[in-house]
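Report on the structure
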There are 2 protein chains.
Amino acid sequence: MYGAGNVRVENVPDPKIQQPTDAVVRVLRACVCGSDLWPYGSMPATEHGVRMGHEFLGVVEDTGADVPGLHRGDLVVAPFVWSDNTCDFCAEGLHTSCRHGGLWARDGIDGGQGEAVRVPQAQGTLVKLPVAEDSALLPSLLTLSDVLCTGHHCAVTAGVNPRTTVTVIGDGAVGLSAVISAKRLGAERIILMGRHKDRTDLGLDFGATDIVSERGEEGIERVRELTGGDGTHTVLECVGTLPALQTSLGVVRAGGTVSRVGAPQYGEVPLGFPEFMNNITLTGGVAPARAYIEELLPDILEGRIQPGRVFDRTVGLGDTSEGYRAMAAREALKVLVTPDPLTL
Amino acid sequence: MYGAGNVRVENVPDPKIQQPTDAVVRVLRACVCGSDLWPYGSMPATEHGVRMGHEFLGVVEDTGADVPGLHRGDLVVAPFVWSDNTCDFCAEGLHTSCRHGGLWARDGIDGGQGEAVRVPQAQGTLVKLPVAEDSALLPSLLTLSDVLCTGHHCAVTAGVNPRTTVTVIGDGAVGLSAVISAKRLGAERIILMGRHKDRTDLGLDFGATDIVSERGEEGIERVRELTGGDGTHTVLECVGTLPALQTSLGVVRAGGTVSRVGAPQYGEVPLGFPEFMNNITLTGGVAPARAYIEELLPDILEGRIQPGRVFDRTVGLGDTSEGYRAMAAREALKVLVTPDPLTL
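Chain A carries the name Dehydrogenase in an unreviewed UniProt entry, which gives Streptomyces bingchenggensis as its organism. Its UniProt record, at the heading Cofactor (unreviewed entry), says of chain A: "Zn(2+)".

Structure (structure tokens):
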């Protein structure tokens, strides 16, 4: 990405093992994230550009000496933060704060939107997938790298359980994944706030019980009406904007929890005296996807959840720029990126 | 209170049963709250004044027809919010959001800083205390009406347990109660931030393991040094000012929780991208003291905790104004108010 609206596919040096803890993975499936759209909308122009992509699954091509659990040919998924999976933070399930981890597409690390990636801390980062390269489950398995785990993190940190009512803010891929996750954790009432009918229809398929298409004060009123005036115990904020957060605080029940997983496009949160008197909790944050993959994987393999349905468009790697455009224009919900025929 | 710095003791009509759910309680012990100091510092002058006081224990003098569990002569403590103890919020332990509850000293309800109080929803609100009127435990039992339960709420909502490190911000009566509560919940490392040596000394008696007297960035650095650079898993914010909250966010460990129980003197909280990336939770709020009294009472009766030690000055009811002055001037930590000799 060279700046707002400017994504180019270019040749870069092939990744090679640099550290004994590295692996090289040939990318089978990647995708464009809602969070990629923030720089796509506003990044200042740069001369050299930056790598992009933090969601991918693929095939191990090479491993360093200190990656005992992985071998050439293994099919693996990478969470959107790499980590050693052994430090105290990882042991607590907070792999996003790993003492030896980091982000893709930064500081000399490859991005996932490419042909291959050098994976640091490969033993800790990558999770093997027991499927073949042509599995129809690849799109759903790819969501383990970010959106499904992010929706799950949102629901878990909010404390969703069979006794909690839920509002999900946002009908993007993360919001829809939050619906799957809330349903999976037993929630019986899931109100989805979104205004794209094709997306909210998918939300209903995933387990939403009510759709609220109104926004702002009108949307808050509608959720209040649906809940006897009280709001819901938990609110899953899957957008990241201040208006979405304000809506969250407007629909949360006294004693309830707002969990946010959309990268916040604000610096200050309106949590003053009224929220204090109502004992409102704000939680969530960047999802430690690695912590959740083993738990969620069987539900995908056994067909109980189908998060891959969030992908409604596929582009070849060479057309990644078109994928960004389609997502930014809201023509596509989430764009899957496959290797180009030439690469195959 | 007629305005900032203007507290007067005046004759008002004797409280009488108005509703079948009322009781009248003769006040044995009341006190001045840190939160009373906010209006004492800034309340605009008024012609008629407002009642004050929301912490008291006393003796039941009369009961309405619908207060089956209480009788004349019962010694009782009142939590700082009255509630029916039967609605859905109360059942969840959130008595501060009771559907039929309210605050003392508002809307025609008496304040606790007086000779007697009409108690609405008396059956749900009042808790019997198995002691005599001359018990030496009265000061500690009085803390059940607010500060001990508030400190406990702070520690509970923060998730304090034997595996969490704790920072307590503020060496007032609530902060010291939070130290008692964190210790009681098993915390082994409790860092108390405060700069009044007599108070932090009491904090050490209550279970604090480290005292940090520096404030602001310097205080944050000091707590970071004490915790290997990481900060503590939980932060108990017992002040209510923006700087105290900023300090809390500066000393909380990634993945950690800040709980606030001081009435917030701010409207916006700096919880932007850095706090998101660190998965910081903000929780707490006004404490549902009623929910905690039965749990904490045995520890006081059996001498395991002595929260009454936060009272370091006693005034007669007629000298309540002097109590405010001494607390506002930081000459007294917390002021106990007893009936005047004339009343006795």
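Take the UniProt feature "domain: Alcohol dehydrogenase-like N-terminal" (unreviewed entry) in chain A next. Those residues carrying the UniProt feature "domain: Alcohol dehydrogenase-like N-terminal" (unreviewed entry) are residues 20–130 of chain A in this numbering. End C-alpha to end C-alpha, residues 20–130 of chain A measures 25 Å, and it is 13% helix and 28% strand.

The next thing to look at is the domain arrangement of chain A. When the parts come together, some accessible area is lost, and that loss is often what is quoted as the size of the interface. All names here are of chain A. With domains assigned, chain A is organised as domain 1 (23–146 + 289–338) and domain 2 (148–284). Centre-to-centre, using C-alpha coordinates, domain 1 lies 26 Å away from domain 2. Overall, the association of domain 1 and domain 2 removes approximately 1,900 Å² of surface from exposure, summing both partners, and the carbon and sulfur fraction of that is 65%. Contact with domain 2 buries area across many residues of domain 1, yet Trp-38, Tyr-292 and Leu-333 alone supply 33% of it, more than any other trio. Our count for the domain 1 to domain 2 interface comes out at 3 salt bridges. A salt bridge links Asp-205 to Arg-309; its shortest N-O distance comes to 2.8 Å. Taken together, the links from domain 1 to domain 2 amount to 8 residue pairs in polar contact (both at pLDDT 80 or more).

We now examine the pattern of salt bridges. Where charged atoms from two side chains of opposite charge come close, those side chains can pair. If you walk through the whole model with that rule in mind, you get 48 salt bridges over all chains. In this structure, the salt-bridge partner of A:Arg253 is B:Asp88, at a minimum N-O distance of 3.4 Å. Of the two residues, A:Arg253 is situated in strand β12 (residues 252–260) and B:Asp88 in helix α2 (residues 88–91); the pairing between them involves two chains. Owing to a relative accessible area of 5%, A:Arg253 belongs among the buried residues under this scheme. Residue classification places B:Asp88 among the partly exposed residues on the basis of a relative accessible area of 33%. What emerges from the salt-bridge pattern is a single network uniting A:Asp88, A:Glu92, A:Arg99, B:Asp230 and B:Arg253.

Now for the relation of the copies chain A and chain B. Once chain A is rotated about the relating axis by 180° and shifted along it by 0.0 Å, it coincides with chain B to within an RMSD of 0.0 Å. Such a combination of rotation and displacement between the chain copies is what one expects of a two-fold axis.

Here we come to the packing of aromatic side chains. Inspection of every chain in the model, using the stated rule, returns 6 aromatic pairs over all chains. The lysine or arginine in question, A:Arg8, covers the ring of A:Tyr2, its NZ or CZ lying 3.7 Å from the ring centre.

What follows concerns helix α11 (residues 293–301) of chain B. Residues and elements named next belong to chain B. Among the residues of α11, Ile-293, Leu-296, Leu-297, Asp-299 and Ile-300 are the ones counted as buried. When α11 is viewed along its axis, its buried side chains cluster within an angular range of 165° and face the same direction. Contacts made by the buried residues of α11 are with β3 (75–78), β7 (127–128), α4 (138–142), α5 (147–158) and α6 (173–184). At the C-terminal side of α11, Gly-303 shows a positive phi close to 80°.

Counting from both sides, the interface comprises 38 residues of chain A and, opposite them, 38 residues of chain B. Along the contact surface separating chain A from chain B lie 6 salt bridges. Among the salt bridges present, the one from A:Glu92 reaches B:Arg253, with a minimum N-O distance of 2.9 Å. Counting the contacts that link chain A with chain B gives 20 residue pairs in polar contact (both at pLDDT 80 or more). For the side of chain A that touches chain B, the secondary structure elements donating two or more residues are α2 (88–91), β12, α10 (273–277) and β13 (281–284) of chain A. Counted by class, the side of chain A that touches chain B contains 16 nonpolar, 14 polar and 8 charged residues.

Another point: the nonpolar core. Counting 55 residues, the largest nonpolar core has B:Leu57, B:Leu129, B:Leu141, B:Leu144, B:Val168 and B:Leu236 as the members making the most contacts within it. With 7 residues, α6(B) is the single largest residue contributor to this core. Each of domain 1 (23–146 + 289–338) and domain 2 (148–284) of chain B accounts for three or more of the residues forming this core. Apart from residues lying up to four places away in sequence, B:Val168 is in contact with B:Gly175, B:Ala178, B:Val179, B:Ile190, B:Ile191, B:Leu192, B:Met193, B:Leu236 and B:Cys238. Counting 54 residues, the second largest nonpolar core, distinct from the first, contains A:Val59, A:Val166, A:Ile180 and A:Ile300.

Residue and element names in this part refer to chain A. Residues Thr-281 and Thr-283 of β13 are buried on one face, and the alternating residues Leu-282 and Gly-284, pointing to the opposite face, are buried as well. Sheet analysis places β12 next to β13, joined by 4 bridges and oriented parallel. Across the sheet, the residue bridging to Val-258 is Leu-282, located in β13.

We now examine the environment of B:Cys238. All names here are of chain B. Topologically, Cys-238 is positioned in the loop between β11 (232–237) and α9 (242–251). Considered as a pair, Cys-238 and Lys-197 are 41 residues apart in the sequence and their alpha carbons are 17 Å apart. Residue contacts for Cys-238: discarding those within four places in its chain leaves Cys-154, Val-168, Ile-169, Val-174, Gly-175, Ala-178, Val-261 and Gly-262.

With that out of the way, let us pick up the packing of α5(B) against α11(B). All names here are of chain B. Where α5 contacts α11, the axes come no closer than 11 Å and their chain directions differ by 115°. Relative to α11, α5 is oriented roughly perpendicular. In this structure, the crossing between α5 and α11 has a hand that is right-handed. Note on element contacts: α11 touches α5 through Ile-293, Glu-295, Leu-296 and Ile-300, opposite Leu-148, Cys-149 and His-152. By residue class, the composition of the contact of α5 with α11 is 5 nonpolar, 1 polar and 1 charged.

With that settled, the discussion passes to unusual backbone geometry. Despite not being glycine, A:Asn279 shows a phi value in the positive range, around 55°. Among the structural elements, A:Asn279 can be located in the loop between α10 and β13. Taking relative accessible area as the criterion, A:Asn279 reaches 5% and is therefore assigned buried. The backbone of B:Asp107 shows a phi angle near 50°, a positive value even though the residue is not glycine. With respect to the element layout, B:Asp107 can be found in the loop between β5 (102–103) and β6 (116–119). Overall, the relative accessible area of 80% leaves B:Asp107 in the exposed class.

Definitions and limits used
- Residues numbered from 1 in each chain as written.
- Chains lettered and ligands numbered in written order.
- Predicted model: local features only at pLDDT ≥ 70, side-chain atom pairs only at ≥ 80, totals over all residues.
- Heavy atoms only, no water.
- UniProt positions renumbered as here; feature names shortened; annotations may be inferred.
- Helix = DSSP H or I, 4+ residues; strand = E, 2+ residues; numbered from the N terminus.
- Domains from an automatic or database assignment.
- Buried area = accessible area lost by both parts, 1.4 Å probe.
- Salt bridge = Lys/Arg side-chain N within 4 Å of Asp/Glu carboxyl O.
- Polar contact = N/O pair within 3.5 Å; in protein donor to acceptor, adjacent residues only side chain to side chain.
- Buried < 20%, exposed > 50% of the residue type's maximum accessible area, 1.4 Å probe, protein only.
- Least-squares fit on C-alpha atoms with pLDDT ≥ 70 in both.
- Phe/Tyr/Trp six-rings, centres within 6.5 Å; stacked < 30°, edge-to-face > 60°.
- Lys NZ or Arg CZ within 6 Å of the ring centre and 35° of its normal.
- Arc of directions from axis to C-beta.
- Contact = heavy atoms within 4.5 Å.
- Nonpolar A, V, L, I, M, F, W, Y, C, P; charged D, E, K, R; others polar.
- Core = buried A, V, L, I, M, F, W, Y, C linked by side-chain atoms within 4.5 Å.
- Pairing = 2+ DSSP bridges.
- Axes fitted to C-alpha atoms, helices over the stretch in contact; angles between N-to-C directions.
- Parallel < 35°, antiparallel > 145°, perpendicular 65-115°, else oblique.
- Left-handed = near helix turned anticlockwise from the far one by under 90°.

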